[in-house]
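# Examination of the molecular architecture
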Amino acid sequence: MCFLIIIPLLVRSCYEPVDGCLDRDATNFSVSADFPCANNDCCTYPRLAVRAAAFWGGEEMRFDTTYEDRVGNAFQLSRLRLYLSEIQLPLDIGSDTLIPFDSVDMRVVLSPGDTIDQTLNSNLVLIDQTSSTGSLLSTGEFLETFNATELDFRFGFRDPYSSVVPESLTSGHPLARQEGLLNFNDGNGYVTVKIEYQLPAIFADSILSHEVYGDLAQTLTLPNYDAFSLGTILTIDLIIDHQQLFEAIDLSADSAALTDDFLFVLPQVVSISSISQE
């Protein structure tokens, strides 16, 4: 009598555990990872971004069009640059505030001839308007999800950011040396606003510029939006109303008067048009 004997073949496979991001608030959270990467250094997080469009009243501003200032001076705006810093989102529950984080090494001036290298939160953007549409500007990462009702920021800077050495930063950073200087190395630090414009009736075709120094706090109410989701970029679209700005100033006035007018009206000309998640 014959018997068929089946002997199962046992094959031991080699399984190698996978390291990955195990933080559920990260954009690259991995459900297949077995162990977290060291200090979760591989994790990337949602970011806050702002975008600023140029308007003249209810219409997109045209940088090839002539407008009038408060006293009727005809002008054409070539460029407006504006720094925003200390951007944060107060939460709608409790007293906590979420601050975007982007750690960057910078050199800071302590006194003439004396500098120190510091790692600072690069929570700032440089709005650069030469057309009606704005570029998407990232401010930093959020390490958790949230609901917020306000957007807080400052026009310009406070120390130590106003004392940063532009050459200590890589090209493309908002505080790096810019075409048409924004830090004149004269002890005043960075400008808050710089405009470049023409007054054809007074200075023919010359390109004029004016720099404004100083910092101002600003709070804007966020429109309704869905709760901030995991793995997204929260984009806040701003409008800068140049009609409100330039119809409140006299471009032919002296520098001190022009600066005073700018600082007075600036908080009134920026608003939020929309908020989205991408």
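Looking now at the packing of aromatic side chains. Summed over all chains, the structure comprises 9 aromatic pairs. Aromatic side chains Trp56 and Tyr67 sit 4.1 Å apart centroid to centroid with 25° between the ring planes, which places their arrangement in the stacked category. With Trp56 in strand E3 (residues 47-56) and Tyr67 in strand E5 (residues 67-68), this pair connects stretches of sequence that are 11 residues apart. As far as burial versus exposure is concerned, Trp56 and Tyr67 are alike and both buried. Taking the centre distance of 4.7 Å and the plane angle of 55° together, the rings of Tyr83 and Phe157 count as tilted. Of the two residues, Tyr83 is situated in strand E6 (residues 74-90) and Phe157 in the loop between strand E12 (150-155) and strand E13 (193-198); the sequence distance between them amounts to 74 residues. In this structure Tyr83 comes out as buried when scored by relative accessible area, which is 1%. By the ring-pair criterion, three or more aromatic residues cluster together here, those being Trp56, Tyr67, Phe75, Phe246 and Phe262.

To continue, consider the confidence of the model for the chain. Mean pLDDT over the chain: 85, with 88% of residues reaching 70 or higher. Low pLDDT, under 50, characterises residues 3-11; the stretch is placed with 0 contacts to residues that sit more than four places away or in other chains.

Taken as a whole, the largest pocket encloses approximately 300 Å³ of empty space. Contributing to the lining of the largest pocket are 14 residues, with Val109, Ser163, Asn183, Asn185 and Gly187 lying nearest its centre. Grouping the constituent residues of the lining of the largest pocket by class yields 4 nonpolar, 7 polar and 3 charged. Approximately 180 Å³ is the volume found for the second largest pocket. Considering the residues around the second largest pocket, the lining is formed by Arg47, Asp102, Ser122, Leu124, Val125, Leu126, Leu137, Ser138, Gly172, His173, Pro174 and Gln178. Secondary-structure elements contributing two or more residues to the lining of the second largest pocket are strand E10 (124-129) and strand E11 (137-141). In terms of residue count, E10 provides more of the lining of the second largest pocket than any other element does, 3 residues in total. For the lining of the second largest pocket, the residue count by class is 5 nonpolar, 5 polar and 2 charged.

The next subject is empty space enclosed by the protein. Empty space among the atoms can be located by rolling a probe the size of a water molecule over them. All chains considered together, the criterion is met by 2 cavities of 30 Å³ or more. Empty space within the largest cavity amounts to approximately 40 Å³. Around the largest cavity, the lining residues are Pro166, Ala176, Arg177, Gln178, Leu181, Leu182, Asn183 and Tyr190. For the lining of the largest cavity, a count of residues per class yields 5 nonpolar, 2 polar and 1 charged. One number sums up the size of the second largest cavity: a volume of about 30 Å³. Together, Leu80, Leu82, Val193, Ile240, Leu245, Leu266 and Val269 line the second largest cavity. Taken together, the residues of the lining of the second largest cavity sort by class into 7 nonpolar, no polar and no charged.

What the rule picks out here adds up to 10 salt bridges. Asp261 is the partner of Arg70 in a salt bridge, and the nearest nitrogen-oxygen pair spans 3.3 Å. Here Asp261 lies in helix H3 (residues 255-265) and Arg70 lies in the loop between E5 and E6, a separation of 191 residues in the sequence. According to the relative accessible area criterion, Arg70 is partly exposed, its value standing at 45%.

So, on to the state of the cysteines. Scanning the model with the defined rule gives 2 disulfides in all. A sulfur-sulfur distance of 2.1 Å marks the disulfide that ties Cys21 to Cys43. Between Cys21 and Cys43, the disulfide has an S-S torsion of 110° and is therefore right-handed. With Cys21 in the loop between strand E1 (19-20) and strand E2 (35-36) and Cys43 in the loop between E2 and E3, this pair connects stretches of sequence that are 22 residues apart. As far as burial versus exposure is concerned, Cys21 and Cys43 are alike and both buried. In this model, Cys37 is linked to Cys42 through a disulfide, with the two sulfur atoms separated by 2.1 Å. When the S-S torsion is -80°, as for the bridge of Cys37 with Cys42, the disulfide is left-handed. Ordinal numbering of bonded cysteines along the chain defines a disulfide pattern of 1-4, 2-3.

Thresholds applied
- Residues numbered from 1 in each chain as written.
- Predicted model: local features only at pLDDT ≥ 70, side-chain atom pairs only at ≥ 80, totals over all residues.
- Heavy atoms only, no water.
- Phe/Tyr/Trp six-rings, centres within 6.5 Å; stacked < 30°, edge-to-face > 60°.
- Helix = DSSP H or I, 4+ residues; strand = E, 2+ residues; numbered from the N terminus.
- Buried < 20%, exposed > 50% of the residue type's maximum accessible area, 1.4 Å probe, protein only.
- pLDDT = per-residue confidence, 0-100.
- Contact = heavy atoms within 4.5 Å.
- 1 Å grid on protein atoms, 1.4 Å probe; cavity = no way out; pocket = protein on both sides within 12 Å on 5 of 7 lines; lining within 4 Å.
- Points joined across faces, edges and corners; volume = space filled by probe spheres on them.
- Nonpolar A, V, L, I, M, F, W, Y, C, P; charged D, E, K, R; others polar.
- Salt bridge = Lys/Arg side-chain N within 4 Å of Asp/Glu carboxyl O.
- Disulfide = S-S within 2.5 Å.

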